[in-house]
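Each chain, letter by letter, is given below.
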Amino acid sequence: MTERTSRQPASKQPNCDVVVVGAGFAGIYALWQARQRGLSVRGFESAPDVGGTWYWNAYPGARCDVPSYNYAYFFDSEIVRRWNWSDVCAYQGEIQRYLRHVAERCDVVKDIAFDTKVSSASYSEETALWTISTQSTETRPGEIVVCRYLVLAIGALSEPKVPDIDGASSFAGETYFTSKWPKDRAVDFTGKRVGVIGTGSSGVQVVPEIAKAARNVFVFQRTANYVIPTEGGPIDGAHMSALRQDPQAVRQALRETYGGNQPLGIGQHRFGELDAQGREDALRKAWDGKYPALAFRDAHLPEANAAISDYIRKKMQEIVADPRTAHHLTPWDHPYGGKRPCRSDVYLQTFNKPHVRLIPLTETPILEITPQGVVTSTETIELDVLVYATGFDAITGSVFAIDITGIGGASIRDAWRDGPRNYLGTMVHGFPNLFLPSSAMSPSVLSNMATLAEQQIDFILDSIVWLEEHGRPGLHPEPGSQERWREETLRYAARRPGALTTKSWYSGANIPGKPRVFMVYCGGFKKYHDNCLTELRDGFPSYALERRTDHKQEDKRQPR
Ligand code: FAD
Ligand code: NAP
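Participant: With reference to specific residues and values, describe the overall build of the protein chain.
Facilitator: Looking only at helices and strands, the protein chain features 16 helices and 21 strands. Radius of gyration (C-alpha) of the protein chain: 24 Å, near the 24 Å computed for a compact globule of 560 residues. Over its C-alpha atoms, taken along the principal directions, the protein chain stretches across nearly 75 × 60 × 45 Å. A buried classification covers 59% of the 560 residues belonging to the protein chain. For the protein chain, the proportion of contacts with a sequence separation of at least 24, taken over those separated by at least 6, is 72%. When the accessible surface of the protein chain is summed, it comes to about 23200 Å², and 49% of that surface belongs to carbon and sulfur atoms. Charge-centre separation for the protein chain: the mean point of 64 positive side chains lies 1 Å from the mean point of 65 negative side chains.

Participant: For the site of ligand 2, give the residues involved together with the corresponding values.
Facilitator: Around ligand 2 sit 25 residues in total, of which Lys-161, Asp-164, Ser-202, Thr-223 and Lys-339 are the nearest. Between a nitrogen atom of ligand 2 and a side-chain N or O atom of Asp-164, the distance comes to 2.7 Å. Relative to its free-state accessible area of 910 Å², ligand 2 is covered by the protein chains to the extent of 89%. The element contributing the most residues to the shell around ligand 2 is helix α5 (residues 201–211), with three residues. Residue composition of the shell around ligand 2, by class: nine nonpolar, nine polar and seven charged.

Participant: Go over the site of ligand 1 with me, naming the residues and quoting the values.
Facilitator: Close contacts around ligand 1 come from 31 residues, with Glu-45, Thr-53, Asp-65, Tyr-71 and Ser-438 the closest. A distance of 2.6 Å separates an oxygen atom of ligand 1 from a polar atom in the side chain of Glu-45. Here ligand 1 has 980 Å² of accessible area as a free molecule, and 95% of this is covered by the chains. If you list the elements that add at least two residues to the shell around ligand 1, you get α1 (25–36) and α2 (53–56). Ranked by residue count, the leading element in the shell around ligand 1 is α2, at three residues. When grouped by side-chain class, the residues that make up the shell around ligand 1 number 16 nonpolar, twelve polar and three charged.

Participant: Please give an account of the pattern of salt bridges that cites residues and values.
Facilitator: Side chains that differ in sign of charge can pair as their charged atoms come close. Tallied over the full model, the rule gives 38 salt bridges. Of the charged contacts, one joins Arg-313 and Asp-310 as a salt bridge, the two residues approaching to 2.8 Å between their closest N and O atoms. Within this pair, Arg-313 and its partner Asp-310 are both found in helix α9 (residues 302–319), separated by three residues, close to a single helical turn. Under the relative-accessibility criterion, Arg-313 is labelled buried at 11%. Residue Asp-310 is classed as partly exposed on the basis of its relative accessible area, which comes to 47%. In the salt-bridge network here, residues are joined through shared partners; they are Arg-35, Asp-107, Lys-110 and Asp-111.

Participant: Provide a residue-level description of the side chain of Gln-221, including the pertinent values.
Facilitator: Tracing the backbone through its elements, the reader meets Gln-221 in strand β10 (residues 216–221). A distance of 2.9 Å separates a polar atom in the side chain of Gln-221 from the backbone oxygen of His-328. Aside from chain neighbours lying at most four places away, what touches Gln-221 is Thr-199, His-328, Leu-329, Leu-358, Ile-359, Pro-360, Leu-361 and Thr-362.

Participant: Go over helix α7 (residues 247–255), please, and point to the residues and values.
Facilitator: One turn of an α-helix holds 3.6 residues; hence residues three or four places apart share an orientation. Here α7 has its buried residues at Pro-247, Val-250, Arg-251, Leu-254 and Arg-255. Looking straight down α7, one finds that the buried residues subtend no more than 140 degrees of arc, so they occupy a single side. In this structure, the buried side of α7 is in contact with α1, α3 (77–82), α6 (237–245), α14 (449–469) and α16 (525–537).

Participant: Before we move on, can you summarise helix α15 (residues 479–495) with the specific residues and values?
Facilitator: Taking 1.5 Å per residue as the helical rise, α15 with its 17 residues ought to reach 24 Å, and the 25 Å between its terminal C-alpha atoms agrees with that figure. Among all positions in α15, only Ser-481, Gln-482, Trp-485, Arg-486, Glu-488, Thr-489, Tyr-492 and Ala-493 are buried. Mapping the buried residues of α15 onto a view down its axis gives an arc of 160 degrees, with all of them on the same face. Residues of α15 that are exposed and point over 90 degrees away from its buried face: Glu-487, Ala-494 and Arg-495. Its buried side turned inward, α15 meets β20 (474–477) and α16.

Participant: Can you explain the side chain of Thr-325? Please cite residues and give values.
Facilitator: Checked against the element boundaries, Thr-325 lands in helix α10 (residues 323–329). Setting aside residues up to four positions removed in sequence, Thr-325 forms contacts with Val-320, Phe-351 and Leu-358.

Participant: Please give an account of the sheet that holds strand β13 (residues 356–360) that cites residues and values.
Facilitator: Two pairing modes exist for strands in a sheet, parallel and antiparallel, and in both the strands are linked by backbone hydrogen bonds. Pairing is parallel in the open sheet, where five strands are placed in the order β8-β17-β9-β10-β13. One side of each edge strand has no neighbouring strand; the edge strands of this open sheet are β8 (174–177) and β13. Neighbouring strand axes in the sheet, compared pairwise and without regard to direction, differ in orientation by 20 degrees on average. Relative to strand β17 (residues 385–388), strand β9 (residues 193–197) runs parallel, the two being bridged by four bridges. The partner of Val-194 across the bridge, within β17, is Val-385. Seen against the sheet, α5 touches β9, β10, β13 and β17 and runs at an angle of roughly 175 degrees to β9.

Participant: Break down the nonpolar core for me, citing the residues and quoting the values.
Facilitator: Membership of the largest hydrophobic core comes to 88 residues, with the highest contact counts inside it found for Phe-25, Tyr-73, Ile-95 and Tyr-98. It is α14 that provides the largest number of residues to this core, a total of ten residues. Setting aside residues no more than four positions away along its own chain, Ile-95 makes contact with Phe-25, Trp-54, Cys-64, Tyr-71, Trp-85 and Ala-90. Listed in part, the 48 residues of the second largest apolar core include Ala-62, Val-219, Ile-308 and Tyr-336.

Reading the values: the criteria
Residues numbered from 1 in each chain as written. Chains lettered and ligands numbered in written order. Predicted model: local features only at pLDDT ≥ 70, side-chain atom pairs only at ≥ 80, totals over all residues. Heavy atoms only, no water. Helix = DSSP H or I, 4+ residues; strand = E, 2+ residues; numbered from the N terminus. Rg over C-alpha atoms; globule rule 2.2 N^0.38 Å. Buried < 20%, exposed > 50% of the residue type's maximum accessible area, 1.4 Å probe, protein only. Contact = heavy atoms within 4.5 Å. Areas by Shrake-Rupley, 256 points an atom, 1.4 Å probe, with all protein chains shown as cover. Lys, Arg positive; Asp, Glu negative; His and termini not counted. Charge placed at Lys NZ, Arg CZ, Asp CG, Glu CD. Near = heavy atom within 4 Å. Polar contact = N/O pair within 3.5 Å; in protein donor to acceptor, adjacent residues only side chain to side chain. Nonpolar A, V, L, I, M, F, W, Y, C, P; charged D, E, K, R; others polar. Salt bridge = Lys/Arg side-chain N within 4 Å of Asp/Glu carboxyl O. Arc of directions from axis to C-beta. Expected span 1.5 Å × (residues − 1). Pairing = 2+ DSSP bridges. Axes fitted to C-alpha atoms, helices over the stretch in contact; angles between N-to-C directions. Core = buried A, V, L, I, M, F, W, Y, C linked by side-chain atoms within 4.5 Å.

Taken by themselves, the reported measurements are silent on function.
Below is the structure:
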């Protein structure tokens, strides 16, 4: 295949069938699936290696909080049988090695251009083709590739939030971001004064590791989070053997659950069925089982959620010795689940160490960062190292980082000005044959995202094959379908305690100026999957099908 540079005009002939951008869980599988279906592929990844999330977030303590035996691929039973996880919740390095192993086994590494950022993607109605441009670097000109289908497997949590604190760039010490941790060397905190800004899941994981070596750790907390126990330690051999007996049955079973990852044996009763002692027993059992949110079968109801929230607050306060610190570490302002809960058995305990100090920014806000350190309303804290665990411009950030234009040159930034709109979390009206796994209005981060990656890529590739078999050049949802889906997403969100009232990245509240729209589908994995299957079975009734420009193709679907 002849490659062209960005200086040459786009062709009317595709260079390949499918372009996949991103080489995380979704991108690796998309490349393999596309090739399995006989389609030619090209992959682009801005990192120098595969892994996605698990390449970039290499901070000490980074690990998954969904059991690794479920947070994994199931499409190939041999991978399930051969790969041995060293821990129930594996650490970052092991997950990245796993993804590298899968990419090599599937032989997709050769398809991927690494260190290559895709900067724009535009659709031509005339040719029904996408033209993708990559960013040029000092040593390499940008490239243009023309394809028929574009899969942007660019991640929901891949565009770091830019620091929005006055003077941030003036700090004279070492600065690190959990979301872009250095890979070429180990960061040495020994004997240093370290500040960590941010107490979401990343901050909660990194603080205890830093505290092992640092002279002082100052944890700057704006909002307290729920911190619940995590699973860890060696995987139960009997469980793993059972799972390896029939990986395809497990794959199917995960898709039948609410979150793509269902632990068993918790939450046997409804909240209203139990007396006070029964509720306390259920809460203790669920806490000991590491899933306090599953104490009751109807844990989503406000009164059950309130009991769960209170119980977790009480347990958190029992762990922290100093009552004032315990009070500040406790999330009083939102119910459990309003923000993404954090999981750790060591974070709260770290505040019992004399060299670790919590700075509650609700009382003493940061005024500015200076070359010496952080200035709050009451003091200047001098630092040698500053770690930002300040999160991501989630879900839409990675999409807007690419200049995407669809039918009539319309920009996705305009189409999503008031928040993302799509159908079934994967396709956008006006952008035919553009597929967005892990994106807005899908179960995304409220599910096991490895299960989701496989399910969505299967759906996407099944859709592409359907188009091929029916001789249709393009597919995108009807505007009414995506309005319906948005309403359904918001309807489910309204039932989730705290979803619409808590300031969280789920609704864009962590980024100044971002539209406040709840972006995660909480109807459950099974319902989501069933919706996708229905569209496939019924020939995409909620979509517009592009016709060939020679008008020889007819839409043979029955009118609805
Ligand atoms: P990603 O892994 O984010 O991969 C996207 C890739 O696209 C990146 O490598 C990025 O470099 C590349 N990319 C983006 N834009 C461009 C561009 N313009 N050009 C070229 N390349 C581009 N989920 C869970 O279910 N369980 C967990 O325990 C869990 N733990 C997590 C821990 C951390 C620290 C973080 C940040 C997230 C975690 N998640 C977890 C969510 C996680 O993001 C998903 O589970 C999953 O890894 C997403 O895979 P993906 O392939 O969709 O996207
Ligand atoms: P996050 O949850 O968005 O947390 C960012 C933290 O930084 C919050 O405490 C936030 O405070 C704070 N912050 C942001 N800007 C700030 C500012 N200007 N001043 C002070 N504080 C500021 O980000 P994250 O911790 O990286 O996690 C993001 C998501 O990635 C998680 O929700 C989860 O889905 C995934 N993740 C999972 C794991 C895991 O356990 N497997 C680990 C890491 C990440 P506010 O809350 O007040 O905004």
